[in-house]
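Secondary and tertiary structure notes
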Amino acid sequence: SGWGIIGLITVLTIITALVSLLDIILVHIADYNIISGENIGSTHLYWIVFLVGIFTAYFGELNFMPSVVLASTNVIDDSVYHQSLVYNEGMQYATFVSCIDFGDQAAGWISVPIISYLGISRENNWANLEWFIVI
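Our subject in this report is the structure included herewith.

Quick notes on the rules
- Residues numbered from 1 in each chain as written.
- Predicted model: local features only at pLDDT ≥ 70, side-chain atom pairs only at ≥ 80, totals over all residues.
- Heavy atoms only, no water.
- Helix = DSSP H or I, 4+ residues; strand = E, 2+ residues; numbered from the N terminus.
- Buried < 20%, exposed > 50% of the residue type's maximum accessible area, 1.4 Å probe, protein only.
- Areas by Shrake-Rupley, 256 points an atom, 1.4 Å probe, with all protein chains shown as cover.
- Contact = heavy atoms within 4.5 Å.
- Phe/Tyr/Trp six-rings, centres within 6.5 Å; stacked < 30°, edge-to-face > 60°.

1. Quick look at the overall build of the chain
From N to C terminus, the chain includes 5 helices and 0 strands. For the chain, the succession of helices and strands along the chain, N to C, is α-α-α-α-α. Residue burial in the chain is summarised as follows: out of 135 residues, 19% are buried. Summed over all atoms, the accessible surface of the chain reaches about 9800 Å², with 71% contributed by carbon and sulfur.

As structure tokens, then:
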């Protein structure tokens, strides 16, 4: 049954979403530094950004792994088709992984109008960035 992989994907997606909320801490620290007149490039801020980046990247990759496993396990054995020119095991795997990547790209394009609607820009000091992170 596929409920194990579905549960794993669900749990990892929730954990990855919660880890991505650490970016809100960075926004608040940067706002506090700007308001208080402190140097925005302080060393402790770099370390916080570094650690949040590591956690975000790690859990993002961990969240991606079940999708790769799912794509890998759904590839049909090439020996069944006797190495036909029509079917290629590598192409099927590449197609599955491309579909996963397409979903990631579509999410990026969907975020553009949301950023525009929220009015997030460098000119207004990234106002409403917290709401975009939550969304």
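2. Some details on the environment of Val19
Note on placement: Val19 falls in helix α1 (residues 3-20). Under the relative-accessibility criterion, Val19 is labelled buried at 12%. For the pair formed by Val19 and Val52, sequence separation is 33 residues and the distance between their alpha carbons is 8.1 Å. Contacts of Val19, omitting those with residues within four sequence positions, involve Phe55, Thr56 and Phe59.

3. Details of the packing of aromatic side chains
The tally for this structure, following the rule as stated, stands at 2 aromatic pairs. Pairing Trp47 with Phe50 gives two aromatic rings, centres 5.7 Å apart and planes at 90°, and the pair type is edge-to-face. Of this pair, Trp47 and Phe50 both sit in helix α3 (residues 43-73), 3 residues apart, roughly one helical turn. Ring centres of Tyr58 and Phe59 lie 5.2 Å apart, and the angle between their planes is 80°; this geometry places the pair in the edge-to-face category.

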